[in-house]
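Residues per chain, in single letters:
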Amino acid sequence: MEGSLLEVDVQIVTASRSHLSNIFKAINMAGFTVTEPIYGLLAAGEVVVTQEERDLGSILIDVGGQTTDIAVYFDGCVHYTEKLSIGADSVTRDLAYGLRTSLSQAQQIKENHGVAMSSLLDQNDGEVNFTAMDGRTFRKVSRRTLIDIIEPRVEEIFTLISEKLQDSGYADRVVPGGAVLTGGGSLLKGIEQAAEKILQLSSRIGLPQGVIGKSDIVGHPSYATAIGLLGFPYRGDGQLSSTSANKRRTVRAASVAQRVKEWVEETF
Ligand SMILES: Nc1ncnc2c1ncn2[C@@H]1O[C@H](COP(=O)(O)OP(=O)(O)OP(=O)(O)O)[C@@H](O)[C@H]1O
Ligand SMILES: [Mg+2]
């Protein structure tokens, strides 16, 4: 076969050198060395998005504390990524402000009693006890009031995601596989339903798959990125960084990733 033009479409993710250097320093101070920086969302995607969802088209949404990251997959790979500077901690702050209580108390209320959508509220869902800012005065709040505080913020986050998806031009491509929600924020009760309503996509929670260990760690969406990194191919010696279950796929990905990287380095 003869050819005169070789083309490739690549998704280049960049990071500021000073940010990376600060992270490297922090990791070194903790007694570890960095082999290579890897975009966390790709690592999380390795363990929460299935091959079928990547092929058909889906959107990965990692709802963290400070940020929400999205990645669009179709035809087997990532075509678009975006980071929003809003995450589940904004719900905590709203609750702390609305209930005049501490952030830690607000976080507990959110995690133990929070619900993302008023339509999921039961008539007799009652009241929640908590302590005021001083940590001593006992207060009560109805579940209805909690949802009135939580729901608008959750809607805001998914509306922003929807806008980014529309702007990316890939909104139609993710319809078959729908949305996969991960990150600690995805544990908020009713968040799948909120995502379905606002994004108009079928949604599911993406728990890390294919890793054996303590279930409160390996099955927790907060650890999806860390767990994904364990099996992620890195450039150091071109070998697997762990005994991943899907060894063949990862080794193949390593060599492809390495070739793309070399190409990017030579070109730029
Ligand atoms: N059971 C739960 N119910 C509701 N929210 C929860 C639950 N557990 C954790 N969260 C929320 O998840 C958020 C933290 O998520 P995660 O651990 O993924 O963040 P992070 O990766 O540290 O942050 P970022 O990605 O922004 O850097 C917090 O807002 C926390 O309150
Ligand atoms: Mg995160």
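The rules we used
Residues numbered from 1 in each chain as written. Chains lettered and ligands numbered in written order. Predicted model: local features only at pLDDT ≥ 70, side-chain atom pairs only at ≥ 80, totals over all residues. Helix = DSSP H or I, 4+ residues; strand = E, 2+ residues; numbered from the N terminus. Buried ≥ 20, exposed ≤ 12 C-beta atoms within 10 Å, placed from the backbone. Contact = placed C-beta atoms within 7 Å. Axes fitted to C-alpha atoms, helices over the stretch in contact; angles between N-to-C directions. Parallel < 35°, antiparallel > 145°, perpendicular 65-115°, else oblique. Left-handed = near helix turned anticlockwise from the far one by under 90°. Nonpolar A, V, L, I, M, F, W, Y, C, P; charged D, E, K, R; others polar. Pairing = 2+ DSSP bridges. Near = placed C-beta within 6 Å. Arc of directions from axis to C-beta. Core = buried A, V, L, I, M, F, W, Y, C linked by C-beta atoms within 7 Å. Expected span 1.5 Å × (residues − 1).

S.K.: Quick question: what am I supposed to make of the overall build of the protein chain here?
M.R.: Within the protein chain one finds 10 helices and seven strands. Counting all 268 residues of the protein chain, 30% fall into the buried class. Nonlocal contacts in the protein chain, meaning residues at least 24 apart in sequence, comprise 59% of its contacts between residues at least 6 apart.

S.K.: Which parts of the structure should I look at to understand the packing of helix H4 (residues 89-99) against helix H6 (residues 143-168)?
M.R.: If you want to describe how two helices pack, look at the angle between their axes and the distance between the axes. At a minimum axis separation of 9 Å, H4 and H6 run at an interaxial angle of 150 degrees. One element, H4, and the other, H6, form an angle in the roughly antiparallel class. The handedness of the crossing between H4 and H6 is right-handed. Here Ser90, Val91, Asp94, Leu95 and Gly98 of H4 lie close against H6, whose contacting residues are Ile149, Ile150, Arg153 and Val154. Of the residues contributing to the contact of H4 with H6, the split by class is five nonpolar, two polar and two charged.

S.K.: I would appreciate a short explanation of the sheet that holds strand E2 (residues 68-74) in the present structure.
M.R.: By definition, the strands of a sheet pair up through backbone hydrogen bonds, in either a parallel or an antiparallel sense. The strand order E3-E2-E1-E6-E7 describes an open sheet built from five strands, whose pairing is mixed. With partners counted over all chains shown, the strands left at the sheet margins are strand E3 (77-84) and strand E7 (203-205), one partner each. Across this sheet, the average inter-strand angle for adjacent strands is 20 degrees, counted without regard to direction. Sheet topology note: the strand E1 (residues 58-63)/E2 ladder contains six bridges and is antiparallel. The residue bridging Ser58 from the neighbouring strand is Tyr73, located in E2. Where helix H2 (residues 40-48) meets the sheet, it contacts E1, E2, E3 and strand E6 (179-182), and its direction lies at approximately 115 degrees from that of E1.

S.K.: What is the right way to look at the site of ligand 1 in this model?
M.R.: In the vicinity of ligand 1 there are 18 residues, among which Gly64, Ala88, Gly184, Leu187 and Ser222 approach most closely. Residue assignment for the shell around ligand 1 shows that the elements contributing at least two residues are H4 and helix H5 (103-113). Take the shell around ligand 1: its biggest share by element is three residues, from H5. Here the shell around ligand 1 is composed, by residue class, of three nonpolar, 12 polar and three charged.

S.K.: Sorry if this is basic, but what is going on with H4 here?
M.R.: Each α-helix turn comprises 3.6 residues. Residues three or four places apart therefore point the same way. Listing the buried residues of H4 in full gives Val91, Thr92, Leu95, Ala96 and Leu99. Looking straight down H4, one finds that the buried residues subtend no more than 135 degrees of arc, so they occupy a single side. Along its buried surface, H4 packs onto H5, strand E4 (127-131), strand E5 (138-142) and H6. Looking one or two places after H4, you find Arg100, whose phi comes out positive at around 55 degrees.

S.K.: What should I look at first to understand the nonpolar core in this one?
M.R.: Side chains that are nonpolar tend, in soluble globular proteins, to be buried together. Counting 51 residues, the largest nonpolar core has Leu60 and Ile61 as its most contacted members. Take this core: its biggest share by element is nine residues, from H6. Beyond its immediate chain neighbours, meaning those up to four positions away, Leu60 contacts Leu41, Gly45, Val48, Val49, Ile70, Ala71, Tyr73, Val180 and Thr182.

S.K.: Help me understand the pairing of E1 in this model?
M.R.: Side-chain positions along a regular strand alternate between the two faces of the sheet. Along E1, six of the six residues are buried, which leaves the element largely enclosed by surrounding structure. A two-sided burial pattern is seen for E1, the buried positions comprising Ser58, Leu60 and Asp62 on one face and Ile59, Ile61 and Val63 on the other. Adjacent in sequence and paired antiparallel, E1 and E2 are bridged by four residues. As paired strands, E1 and E6 are joined by four bridges and run parallel to one another.

S.K.: Looking at this structure, how should I read helix H1 (residues 17-29)?
M.R.: Taking 1.5 Å of rise per residue, 13 residues should cover 18 Å, and H1 covers 18 Å from first to last C-alpha, within 8% of that figure. Burial runs low along H1: only zero of the 13 residues are buried. Trailing H1 by a residue or two, Gly31 shows a phi angle of about 95 degrees, which is positive.

S.K.: Got a minute to help me understand unusual backbone geometry in this structure?
M.R.: Trans peptide bonds make up most of the peptide bonds, and negative phi angles are found at most residues other than glycine. Even without being glycine, Asp75 reaches a positive phi, approximately 50 degrees. Relative to the elements of secondary structure, Asp75 occurs in the loop between E2 and E3. Even without being glycine, Gln200 reaches a positive phi, approximately 60 degrees. The topology assignment puts Gln200 in the loop between helix H7 (191-199) and E7. For Gln200, a count of 12 C-beta atoms within 10 Å gives the class exposed.

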